[in-house]
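Reading the structure
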Amino acid sequence: GNRGRNDTLECVTEHERILQEIESTDTACVGPTLRSIYDDQPNAHKRFMEKLDARIRNHDREIEKMCNFHHQGFVDAITELLKVRADSEKLMVTSQTDEVIHCRLQQRNMVTTVEKLQLCLPESTGLTEYGQNTQQPVDCGFVCRVSQYRFCQIMAENLPRLREEIKEISMSDLKDFLESIRKHSDKVGEMAMRQAQKHRTFNSALTKQACLGHYTKPVYSVIGPTHAHIHNALMRDDDDVDDEDEDGTEEEILMAHDLVDFSPVYRCLHIYTVLGNRETFENYYRKQRKKQARLVLQPQGNMHETVEGYTRYFNQIVGFFVVEDHILHATRGLVTRPFTDELWNMALSKIIAVLRTHSSYCDDPDLVLDLKNLIVIFADTLQGYGFPVNRLFDLLFEVRDQYNETLLKKWSLVFREIFELDNYSPIPVETEEEYKLVISRFPFHDAEIEKQDFPKKLPMSQSVPQIYTQVKEFIYASLKFSESLHRSSTEIDDMLRKSTNLLLTRTLNSCLQNHIKKPHIGLTELVQIIINTTHLEQACRYLEDFITNITNVSPETVHTTRLYGLSTFKDARHAAEGEIYTKLNQKIDEFIQLADYDWNMAESDGRASGYLMDLINFLRSTFQVFTHLPGKVAQTACMSACKHLSTSLMQMLLDTELKQISMGAIQQFNLDVIQCELFASSEPVPGFQGDTLQMAFIDLRQLLDLFLVWDWSTYLADYGQPTSKYLRVSPATALALLEKMKDTSKKNNIFSQFRKNERDKQKLIETVVKQLRSLVNLMSS
């Protein structure tokens, strides 16, 4: 029992301690204290709650006692406050009364001031006249009314100074405007040209099914899009994605007044007009703008290198004249139409001179084409603002010539590469698909070849379809410049034909001629070139049709320029033929140089020389290649070769360096000539009539027969007669060869003087030599 009482006492003591901690501790730290209650004996928290309730009741009793003690003081305070409220209401009424009195006083003063100001106002325009000219007498009524006020004298003293200050400030603002306008001119010009380009795009969409050359003149407004532009925006082609942003909204077109603050100009003009110095201001403004115009028209040195350089140049000029056009319409007389026309004419001359110079430096056709497009948009933009641009379109024809020149240079490189890479062999086609691919690029039709089975060969080499395709590409490139020039279909057709003629007659012909004359081009290549030019010549009519189709101009149209491809390819073919003859002769000379005759041999070998047989075999194989050539070309080449061979053999026999020739050498030489005659009679090239080809060796044959038969009596007796057996042997030729044999007889026949036959022969030779010399002298005289 004692232990229980002790535990209860300890518990009560502990609860007192906890209550004190709760009353004196911060609420944030109460948690650990309360936890100790639950960590103690079982049911201790119930006894603590009872203790806590008792403590709360004690505090409530203390609070009640304190309130009862101060209750009377609270009641007295409330009574005092009620008295103060009545006094405060009186104070507020007094304050409001003072404010009303003050407001009424201000109102009375204002009415008095208005009455006095009305009195001071001049009648009609007295003050305006005073402001315009301080030297002009002020209205008498006005002076009488305000002279008693001191401000009148102050105003009269300060107005001149104020006027000058206002003029200076407004002029300073104008100078700042003129200084900054060049920065804005570029943007103004860019927006104006963009608007013109959109207008052109819209017109192109409307007229793309119509004939070429249709043109709608653009009309622009200085205050924004006109009704026509709104209509165009509503009716624009859905496919025209350039006119819309990526999100589908049409880009806003900013006008001059959106990009430039013109208020300094308006303000300065108004001030100078009011102050009577409008003429001074107009002269100053026009003089400054003329100076700026000259600066704008001055191009950068490297402008011709990039399209951006030309774009900046055009943007600045357009911006300048769009600003002037805005000033012309927004002000009354600051600039006049004659003034802007004068500026434009000066600018136009400078622009044309600049473009002529810089375009001549361009060697890139794409850049020249971009320049042309810029000039067209530039001209359309300024025409829309009322400036005449005919001279610019005339300039475009000069630029077109420059564009064609750059195209011709570009295609010259293309043609050279095609010729260099060609294998100069007929095009092999293995399948029907390959055949269709070739004829889709080149108009080739041959019934005999079409009947042949695959694989087969087309007669032309791979350069033919490539050349044909490139000529068409050139026509397309030339057409790009002709677009948007506001020219009729007939004019565009004529321009295309003329530029194509230049390509054929000058560029392609020159490339062909130069290639034909290159040392590495052999006979096989020359033969293929002749075949190629034949097919290209036949394809010219298809090029005529091609131009007709893209320009929609009937070939029966009067004055239609014809293509000169026929003459071009004929010239090239003739050059190739001449080169064939030259190279054949060169090859013959190479074989001739291999000849190694023993001119003193006693008798012949009984067979033809090896070099000559090799030469004849070469000629046979060469002329077999000529079977694809036109007949006359092959015949001419064969005849030329035989004549050159005959001439070379004759020159070898009559060479002045050759001093002695034996009869054995003559016999050997005769064997070689016989082989030449056999070759000529074997018809190496078909088409010769009779012995036409053998006649190439007739001079040699008659000369050799004369010596082999030793038929001098007949020669001398029949000389000069048309029926002479040795008609083609001249006395000089016979004499030259006979003297070579006379010397041989003297040296080789030492004992000939002891032989009667030899002595007789030597006498005969001497006799014949004398007679021949007399004939030669007779002919020379």
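For the structure itself, consult the block above.
Given the structure is predicted, the values throughout are model-derived calculations rather than measurements. (Residues numbered from 1 in each chain as written. Predicted model: local features only at pLDDT ≥ 70, side-chain atom pairs only at ≥ 80, totals over all residues. Heavy atoms only, no water.)

The next thing to look at is the overall build of the chain. Helices and strands together make up the secondary structure of the chain, namely 28 helices and 2 strands. Across the 781 residues that make up the chain, the buried fraction comes to 41%. Considering only contacts in the chain between residues 6 or more positions apart, those separated by 24 or more positions represent 80%. Taken as a whole, the chain presents about 44,200 Å² of accessible surface, with 53% of it coming from carbon and sulfur. (Helix = DSSP H or I, 4+ residues; strand = E, 2+ residues; numbered from the N terminus. Buried < 20%, exposed > 50% of the residue type's maximum accessible area, 1.4 Å probe, protein only. Contact = heavy atoms within 4.5 Å. Areas by Shrake-Rupley, 256 points an atom, 1.4 Å probe, with all protein chains shown as cover.)

This brings us to the packing of aromatic side chains. For any two aromatic rings, the description comes down to two numbers: the centre-to-centre distance and the angle of the planes. Across all of its chains, the model carries 29 aromatic pairs by this definition. Where Tyr 313 meets Phe 314, the ring centres are 6.0 Å apart and the plane angle is 55°; that geometry is what we call tilted. The buried category is assigned to Tyr 313, whose relative accessible area is 3%. Connected via pairs of aromatic rings, a cluster forms that spans Tyr 313, Phe 314, Phe 320, Phe 321, Trp 344, Phe 378 and Phe 387. The ring of Phe 339 has Arg 286 sitting right over it, with the charged end atom 5.6 Å from the ring centre. (Phe/Tyr/Trp six-rings, centres within 6.5 Å; stacked < 30°, edge-to-face > 60°. Lys NZ or Arg CZ within 6 Å of the ring centre and 35° of its normal.)

This paragraph deals with the nonpolar core. One finds Trp 344 and Ile 580 to be the most contacted residues of the largest nonpolar core, which totals 183 residues. Built from parts of two domains, this core gets at least three residues from each of domain 2 (409-576) and domain 3 (594-780). In this view, Ile 580 contacts Leu 523, Leu 526, Val 527, Ile 530, Phe 626, Leu 629 and Ala 637; residues no more than four positions away in its chain are not counted. (Core = buried A, V, L, I, M, F, W, Y, C linked by side-chain atoms within 4.5 Å. Domains from an automatic or database assignment.)

All right, on to the pattern of salt bridges then. Summed over all chains, the structure comprises 22 salt bridges. Across the pair Lys 498 and Asp 494 runs a salt bridge whose closest N-O atoms are separated by 3.1 Å. Of this pair, Lys 498 and Asp 494 are both found in helix 18 (residues 489-516), 4 residues apart, which corresponds to roughly one turn of the helix. With a relative accessible area of 47%, Lys 498 lands in the partly exposed category. Asp 705 is the salt-bridge partner of Arg 701, the closest N and O atoms lying 3.0 Å from each other. Pair noted here: Arg 701 and Asp 705 are both in helix 25 (residues 698-709), with a separation of 4 residues, about one helical turn. Look at Arg 701 and you get buried, because its relative accessible area is 14%. Look at the salt bridges and you will find they share partners, linking Glu 16, Lys 51 and Arg 55 into a network. (Salt bridge = Lys/Arg side-chain N within 4 Å of Asp/Glu carboxyl O.)

With that settled, the discussion passes to helix 17 (residues 463-482). Compared with the 28 Å implied by 1.5 Å per residue over 20 residues, the 29 Å span of helix 17 between its first and last C-alpha is a close match. Of the residues trailing helix 17, Ser 484 is marked for its positive phi of about 70°. (Expected span 1.5 Å × (residues − 1).)

A few words now on the side chain of Ser 499. By the element assignment, Ser 499 lies in helix 18. At 3.0 Å, the side chain of Ser 499 forms a polar contact with the side chain of Ser 478. (Polar contact = N/O pair within 3.5 Å; in protein donor to acceptor, adjacent residues only side chain to side chain.)

Relative to each other, helix 18 and helix 20 (residues 540-551) sit at 150°, their axes nearing to 10 Å. If you check the angle between helix 18 and helix 20, you find them roughly antiparallel. Seen along the crossing, helix 18 lies across helix 20 with a hand that is right-handed. Touching Ser 489, Ile 492, Asp 493, Leu 496, Arg 497 and Thr 500 of helix 18 are Glu 544, Ile 547, Thr 548, Ile 550 and Thr 551, all from helix 20. Taken together, the residues that form the contact of helix 18 with helix 20 break down as 4 nonpolar, 4 polar and 3 charged. (Axes fitted to C-alpha atoms, helices over the stretch in contact; angles between N-to-C directions. Parallel < 35°, antiparallel > 145°, perpendicular 65-115°, else oblique. Left-handed = near helix turned anticlockwise from the far one by under 90°. Nonpolar A, V, L, I, M, F, W, Y, C, P; charged D, E, K, R; others polar.)

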